[in-house]
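Secondary and tertiary structure notes
Here are the chains, one letter per residue:
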Amino acid sequence: MRKTSIYLLGSGVKGTLHFTVETVQALRACRRVLVLHSDQGVIDSVREHCADVEDLAPLYNGQTLRDDVYHEISRRLVEAARESAPVAFLVHGHPLFLVSATEYTLDLAEQHDLRVSVLPAVSSFDTLLCDLRIDYGYGVQIFDTTTLLKAGWTPNPQVPLLLFQLASTLNRAVISGDPDQGALRPLIDLLAPLYGPDHPVQVVWSSAHILEASTITELPIRELATADLELWRRPTLYVPAKD
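To keep things clear, this report deals only with the structure shown in the data block. None of the values given here were measured: they were computed from a predicted structure.

1. Notes on the nonpolar core
L163, L187, L191, I221, L224 and L237 are the most contacted members of the largest nonpolar core, which has 24 residues in total. Residue assignment for this core shows that the elements contributing at least two residues are α6 (145–151), β7 (161–164), α7 (185–195), β8 (200–205) and β10 (236–239). Ranked by residue count, the leading element in this core is α7, at six residues. Filtering out sequence-adjacent residues up to four positions away, L191 remains in contact with P155, L161, L163, G196, I221, L237 and V239. Core analysis: the second largest hydrophobic core is formed by 20 residues, A81, V87, F89 and A101 among them.

Structure follows, in structure tokens:
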């Protein structure tokens with residue numbers, strides 16, 4: 001079996017508290033680690049396990065589209081792996097839960113015959129199980145909000161619904177300021193006829209630090225584009241099934 005050239009890793013949601021032993025072992029085995037994470041404490045922790053660590057945040061500078069940044073990350077990872085493997089890419093949450101750079105890396109690595117290992121990590125889906133105290137094992141719908149709207153899909157109102165990435169709804173651009181909450185109006189137009197405009201929903205933000213509590217804001221569907229939802233925190237929308 002070929003040796004791993006690229007590790008795709010996740011820090012979990014709550015910073016270094018969610019680092020797994022397996023992830024730490026992979027970091028220690030790598031010659032270089034590329035990190036895309038907003039918590040400087042996480043980046044500093046990675047440096048304790050690998051001497052060569054690159055913070056990828058500056059890649060956003062001067063860029064218009066997020067997708068261009070993600071393609072550049074995949075290119076750098078593959079280039080680094082071809083020079084001196086193994087290398088790693090570490091992101092917030094789970095490396096295969098709504099991380100475009102990971103998807104692009106898997107495709108590009110295959111073109112260069114590089115072996116990639118993806119390690120499990122705590123995702124926002126996992127933390128939502130705890131925040132909402134609901135067992136989704138019996139049935140749940142999961143969508144990226146933009147994908148749902150652009151594809152024209154219709155959720156089943158009889159099954160609980162989770163909508164991720166509210167902050168970037170219908171927006172491919174690099175987001176440097178507060179996200180536009182008005183972009184959620186198409187989501188209201190989709191959900192209100194299915195559930196009713198007064199159907200209660202919950203906007204959930206999972207705590208990212210040990211001293212912070214998760215927050216849950218309940219409101220009717222009709223207020224999604226006008227209430228103060230602090231979209232900059234990157235929350236998730238939970239829509240309970242219709243009675």
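2. What to know about the packing of aromatic side chains
Applying the stated rule across the entire model yields four aromatic pairs. With centroids separated by 5.8 Å and ring planes inclined at 40°, the aromatic side chains of F125 and Y136 adopt a geometry described as tilted. One end of the pair, F125, is in helix α5 (residues 124–132); the other, Y136, is in the loop between α5 and β6 (141–144), with 11 residues separating them in the sequence. There is no split in this pair, since F125 and Y136 are both buried. For the ring pair F143 and W153, a centre distance of 5.8 Å and an interplane angle of 45° mean the geometry is tilted. Taken as a pair, F143 in strand β6 and W153 in the loop between α6 and β7 lie far apart in primary sequence, 10 residues in all. Among the aromatic side chains, those forming a connected cluster through ring pairs are F125, Y136 and Y238. Residue placement shows R233 over the ring face of W205; its charged tip is 3.8 Å from the ring centre.

3. Some words on the sheet that holds strand β1 (residues 6–10)
Reading across the sheet, the five strands line up as β3-β2-β4-β1-β5 and stay open at both edges, with parallel pairing between neighbours. Looking at strand neighbours, the two that pair on one side only are β3 (53–55) and β5 (116–118), the edges of this open sheet. The sheet shows a mean angle of 20° between the axes of neighbouring strands, taken without regard to direction. Examined bridge by bridge, strand β2 (residues 32–36) and β3 share three bridges and lie parallel to one another. Directly across from L34, in β3, lies its bridge partner E54. Relative to β1, helix α4 (residues 100–111) is tilted by about 165°, and along the sheet it contacts β1, β4 (87–91) and β5.

4. Points about the environment of I142
Relative to the assigned elements, I142 resides in strand β6. For I142 and A81, which are 61 residues apart along the polypeptide, the C-alpha to C-alpha distance reads 33 Å. Ignoring sequence-local partners within four residues, the contact set of I142 consists of F125, L162 and F164.

Calculation rules
Residues numbered from 1 in each chain as written. Predicted model: local features only at pLDDT ≥ 70, side-chain atom pairs only at ≥ 80, totals over all residues. Heavy atoms only, no water. Core = buried A, V, L, I, M, F, W, Y, C linked by side-chain atoms within 4.5 Å. Buried < 20%, exposed > 50% of the residue type's maximum accessible area, 1.4 Å probe, protein only. Helix = DSSP H or I, 4+ residues; strand = E, 2+ residues; numbered from the N terminus. Contact = heavy atoms within 4.5 Å. Phe/Tyr/Trp six-rings, centres within 6.5 Å; stacked < 30°, edge-to-face > 60°. Lys NZ or Arg CZ within 6 Å of the ring centre and 35° of its normal. Pairing = 2+ DSSP bridges. Axes fitted to C-alpha atoms, helices over the stretch in contact; angles between N-to-C directions.

Take it as geometry only, folks, not as evidence of what the structure does.
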